[in-house]
Amino acid sequence: MTMDEKLIRDLVSRSQDAQIDPEVLPALHTDDMVIVNVAGRRLFGRDSFSSAMASALSSPLKDVRTTLEIEDIRYAAPDVAIVSLTKTIHDERPEAGQDALPSTGAMTYVLTRAGDDWRIALAQTTPIH
């Protein structure tokens, strides 16, 4: 395993572990990041992500957790990596019922090198039905 692959795997693990930490998770992203979540909501920039995350964590969405499994890592350029993941969604909201989120998504991270580490520039999830 290369040093870059180790750093990328570590970043994915840190992003999963920080999913309920509104200070740590946004810091793993670039300032101008883009997110498209499993429901199709698109966010531009770290500040909008931080705000949306704080709002979600103060709602019933706080009971939704995800796990990530890396399927593939490839490099579009020396400082750009595309990571294909399977996202498993654990929707534990008592009232979710018919509004439950899909249980699985195909997730893509586009990462950019930040010094000796990597940051998430794009996170996009497509529901798998």
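Placed above this text is the structure.
The rules we used
All residue numbers refer to position in the chain's written sequence, counted from 1. Residue-level local features of this predicted model are given only where pLDDT is at least 70; pairs of side-chain atoms are given and counted only at 80 or more, and the full residue set underlies all totals for whole chains, interfaces and linings. The side-chain figures draw on all heavy atoms in the structure; neither hydrogens nor water molecules are used. Working definition: helices are DSSP H or I runs of at least four residues, strands are E runs of at least two. Numbering for both runs from the N terminus. For a helix, the expected span equals 1.5 Å multiplied by the number of residues minus one. Buried, partly exposed and exposed residues are distinguished by accessible area as a fraction of the type maximum, computed with a 1.4 Å probe on protein chains only: under 20%, between the cut-offs, and over 50%, respectively. Our arc is simply the arc of the directions from the helix axis toward the C-beta atoms. The contact criterion used throughout is that any non-hydrogen atoms of two residues lie within 4.5 Å. In this description, strands pair whenever DSSP reports at least two bridges between them. As used in this structure description, the phrase polar contact means that two N or O atoms lie within 3.5 Å; if the pair is within protein, one of them must be able to donate a hydrogen and the other to accept it, and residues adjacent in sequence are counted only when both atoms belong to side chains.

### Overview of helix α3 (residues 46–57)
For α3, built from 12 residues, the straight-helix expectation of 16 Å at 1.5 Å per residue is met to within 8% by its first-to-last C-alpha distance of 16 Å. Of all the positions in α3, only F49, A52 and M53 are classed as buried. Buried residues in α3, looked at end-on, bunch into an arc of 100°, giving them a common side. Elements that come into contact with the buried residues of α3 comprise α2 (24–27), β1 (29–36) and β2 (42–44).

### Some points on the pairing of β1
The buried fraction of β1 is high, at six of eight residues. As paired strands, β1 and strand β6 (residues 117–128) are joined by four bridges and run parallel to one another. Each residue of the ladder has a partner; that of V36, found in β6, is Q124. The pairing of β1 with β2 spans three bridges and is classified as antiparallel. For V34, the partnering residue across the bridge sits in β2 and is F44. Connecting β1 to the antiparallel partner β2 that follows it, the hairpin turn spans five residues, and G40 within it adopts a positive phi of roughly 90°.

### Comments concerning the side chain of T125
Its location among the elements puts T125 in strand β6. At a separation of 3.5 Å, a polar atom in the side chain of T125 contacts the side chain of K87.

### Let's talk about the environment of L122
Along the chain, the position of L122 falls in strand β6. Given a relative accessible area of 27%, L122 falls into the partly exposed group. As for L122 and R14, which are separated by 108 residues in sequence, their C-alpha atoms are 16 Å apart.

Read these as spatial facts, not as claims about activity.
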